[in-house]
Amino acid sequence: MEYKVVPFVASIDPKKGTSNHVAEQLESLIKNYTSRGWEYVRLESVSTFVHPDNGCFGFGAKPGYTTNSQMVVFQKK
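Reading the values: the criteria
Residues numbered from 1 in each chain as written. Predicted model: local features only at pLDDT ≥ 70, side-chain atom pairs only at ≥ 80, totals over all residues. Heavy atoms only, no water. Salt bridge = Lys/Arg side-chain N within 4 Å of Asp/Glu carboxyl O. Helix = DSSP H or I, 4+ residues; strand = E, 2+ residues; numbered from the N terminus. Buried < 20%, exposed > 50% of the residue type's maximum accessible area, 1.4 Å probe, protein only. Expected span 1.5 Å × (residues − 1). Arc of directions from axis to C-beta. Contact = heavy atoms within 4.5 Å. Phe/Tyr/Trp six-rings, centres within 6.5 Å; stacked < 30°, edge-to-face > 60°. Lys NZ or Arg CZ within 6 Å of the ring centre and 35° of its normal.

Taking an unreviewed UniProt entry as the reference, the chain is identified by name as DUF4177 domain-containing protein belonging to Flavobacterium anhuiense.

Enquirer: Is there a simple way to explain the pattern of salt bridges in this structure?
Expert: Proximity of charged atoms lets side chains of opposite charge pair with each other. Scanning the model with the defined rule gives 2 salt bridges in all. A salt bridge links Lys31 to Glu27; the shortest N-O distance between them is 3.0 Å. Within this pair, Lys31 and its partner Glu27 are both found in helix α1 (residues 19–34), separated by 4 residues, close to a single helical turn. Judged by its relative accessible area of 52%, Lys31 is exposed. Judged by its relative accessible area of 40%, Glu27 falls in the partly exposed class. One salt bridge in this structure joins Arg42 and Glu44, with 2.7 Å as the shortest N-O distance.

Enquirer: In this structure, what is going on with α1? I would like to understand it.
Expert: The α-helix advances 3.6 residues per turn, and as a result positions three or four apart in sequence lie on the same side. Compared with the 22 Å implied by 1.5 Å per residue over 16 residues, the 22 Å span of α1 between its first and last C-alpha is a close match. For α1, the set of buried residues is Leu26, Leu29, Ile30 and Tyr33. Down the axis of α1, the buried set is contained in an arc of 95 degrees. They therefore lie on one face. The exposed set on the far side of α1, more than 90 degrees from its buried face, consists of Asn20 and Lys31. Buried-residue contacts for α1 involve β1 (2–8), β2 (39–50) and β3 (65–76).

Enquirer: Could you clarify how one ought to interpret the packing of aromatic side chains in this entry?
Expert: Inspection of the entire model under this criterion finds 2 aromatic pairs. Relative to Phe74, the ring of Tyr33 has its centre 4.9 Å away and its plane inclined at 25 degrees; by these criteria the two rings are stacked. Taken as a pair, Tyr33 in helix α1 and Phe74 in strand β3 lie far apart in primary sequence, 41 residues in all. The same class applies to Tyr33 as to Phe74, namely buried. Where Tyr40 meets Phe74, the ring centres are 6.2 Å apart and the plane angle is 75 degrees; that geometry is what we call edge-to-face. Of this pair, Tyr40 sits in strand β2 while Phe74 sits in strand β3, placing them 34 residues apart in sequence. Accessibility expressed as a relative area gives 0% for Phe74, which makes it buried. Taken together, the ring pairs connect Tyr33, Tyr40 and Phe74 into an aromatic cluster. A cation over an aromatic ring shows up here: Arg36 above the ring of Tyr33, its NZ or CZ 4.3 Å from the ring centre.

Below, the structure is given as structure tokens:
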């Protein structure tokens, strides 16, 4: 079994965008990969901890934080 993991970040207009626009973007990505022989498996959320930045001599220091990314998983048999 072969797997491919692709990041998914939807982009919408904050004034006009709807969940339908997000769904259309996801559907387009899935169709793109399935047309190349990949089978859609699932949408997975991945949490990542970004380490703090100490800055220069403490100036501009930034605390660490956790961020989430959406990953689309495909497979080929």
